[in-house]
Each structure stands twice: as structure tokens, then as C-alpha cells.
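Each chain is listed here by its residues.
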Amino acid sequence: MIGRKIQGGKLSVFTEIIDGNIPGTFVYADDVAVAFMTIEPVNAGHTLVVPRAEVESFWQADEKTFAHLAVVAKRIAAAQLQAFDCKRAGLVIAGFDVPHLHLHVIPVHGEGELNLAKANKATQTELDAAATKLRSALAEIGFSKLVPKDMHKLS
């Protein structure tokens, strides 16, 4: 893949998800970034925005890629506000768990819900239900061409 950086000769878990080697629940995809449900959400609809290229942290990303991720996160947030009963959509960039840049976009009712330590494992049924709502909202607000046809693989 163009722009892919292999770290230590091993692909990150997010690259493995993007490549289809590990299951993922996708809501958005373009040439630069993808968005999929995290398996440990703080709230239903918690989505990760990830560049296709392996970049370890946001300060190592080129400005064009980082700006694009911010635009995608904004689109996801707009869909979350429509799809979920939340006051805001929060954005967190932490990067401690996976050495591949990712933005957490989280439907929230208050700042306390931006604490990733409050995340809990979700079932695939819960992830699919949240993804279905989010994918529908993305289509309704004009991004249907960027919603993958199959939520479980990029094609």
C-alpha cells in the first residue's frame, strides 16, 4: 500500500484490520483514512479514525494527512450527533494502546466520558448496531459514497 510504514517489520493491528486480516466494523473509508468501531467503546458509537498509512503519532503525521483525519473526525461527529442521543461528540488522541495514529470520536454527555479508562468490551452485535446507525446517519448527511458497502470489509 502506498505510504505504508512498517514498524519493526510487523504491521500494526490497525493495518491488519484495514487489510482484512483481523475483523473490523467499518463506517467510513476513503483513500487516506478509514473509520471503524472500537471493540472497547466508552459509549455506543465510539469510532476510531485511522490513516491507512502507518504513522505512530499525530505529531509524526504530515500536515495534509492530519488535517484530513480531522475532517473525517468532524464528519463522524456530525453523524454521531444525529444517530445517538448525545450532547456532543468528543475527540481524543492518546495513542498509548496501538502505535498507529488514531482519533477517538466519542458520543458524550459530558467531559467525564472522554476518559478512555471507562471503556468496556462490546459484543459484535452491539458494534454492528452502533455501526448501522452511524452508517445510516453518514449517508443521510451526504457521505454515502464513503460508507463501505459491507461493514465488515473494505472493498
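Residues numbered from 1 in each chain as written. Predicted model: local features only at pLDDT ≥ 70, side-chain atom pairs only at ≥ 80, totals over all residues. Heavy atoms only, no water.

(A) Representation of the pairing of strand 5 (residues 103-108) within the structure. With six of its six residues buried, strand 5 lies for the most part within the structure. The alternating pattern of strand 5 places Leu103, Val105 and Pro107 and His104, Ile106 and Val108 on opposite faces, both of which are buried. The pairing of strand 3 (residues 47-51) with strand 5 spans three bridges and is antiparallel. When the bridges of strand 5 are listed, valine 49 appears paired with leucine 103. As paired elements, strand 4 (residues 88-92) and strand 5 share five bridges and run antiparallel to each other. Among the inter-strand pairings, arginine 88 is bridged to a residue of strand 5, identified as valine 108. (Buried < 20%, exposed > 50% of the residue type's maximum accessible area, 1.4 Å probe, protein only. Helix = DSSP H or I, 4+ residues; strand = E, 2+ residues; numbered from the N terminus. Pairing = 2+ DSSP bridges.)

(B) Summary view of the sheet that holds strand 1 (residues 26-29). Spatially, five strands are ordered 1-2-3-5-4 in an open sheet, and the strand pairing comes out antiparallel. Looking at strand neighbours, the two that pair on one side only are strand 1 and strand 4, the edges of this open sheet. When strand polarity is set aside, the average angle formed by the axes of neighbouring strands in this sheet is 20 degrees. Pairing analysis gives five bridges linking strand 2 (residues 33-37) to strand 3, with the strands arranged antiparallel. Within the sheet, the bridge partner assigned to alanine 35 lies in strand 3 and is valine 49. Together, strand 1, strand 2 and strand 3 form the strand contacts of helix 3 (residues 124-143), whose direction differs from that of strand 1 by roughly 35 degrees. (Axes fitted to C-alpha atoms, helices over the stretch in contact; angles between N-to-C directions. Contact = heavy atoms within 4.5 Å.)

(C) Broad picture of the nonpolar core. Membership of the largest hydrophobic core comes to 30 residues, with the highest contact counts inside it found for Val27, Met37, Val49, Ile76, Leu134 and Leu138. Counting residues per element, the ones that place at least two in this core are strand 1, strand 2, helix 2 (63-83), strand 5 and helix 3. Those residues in contact with valine 49 that sit more than four places away from it in its chain are Val34, Ala35, Leu69, Val72, Ala73, Ile76, Leu101, His102, Leu103 and Val105. One finds Phe26, Val34, Phe36 and Val50 within the second-largest nonpolar core, a separate group that totals 10 residues. (Core = buried A, V, L, I, M, F, W, Y, C linked by side-chain atoms within 4.5 Å.)

(D) Representation of helix 2. Across its 21 residues, helix 2 extends 30 Å between first and last C-alpha, which sits within 8% of the 30 Å expected from 1.5 Å per residue. Where the residues of helix 2 are buried, they touch strand 1, strand 2, strand 3, strand 4, strand 5 and helix 3. (Expected span 1.5 Å × (residues − 1).)

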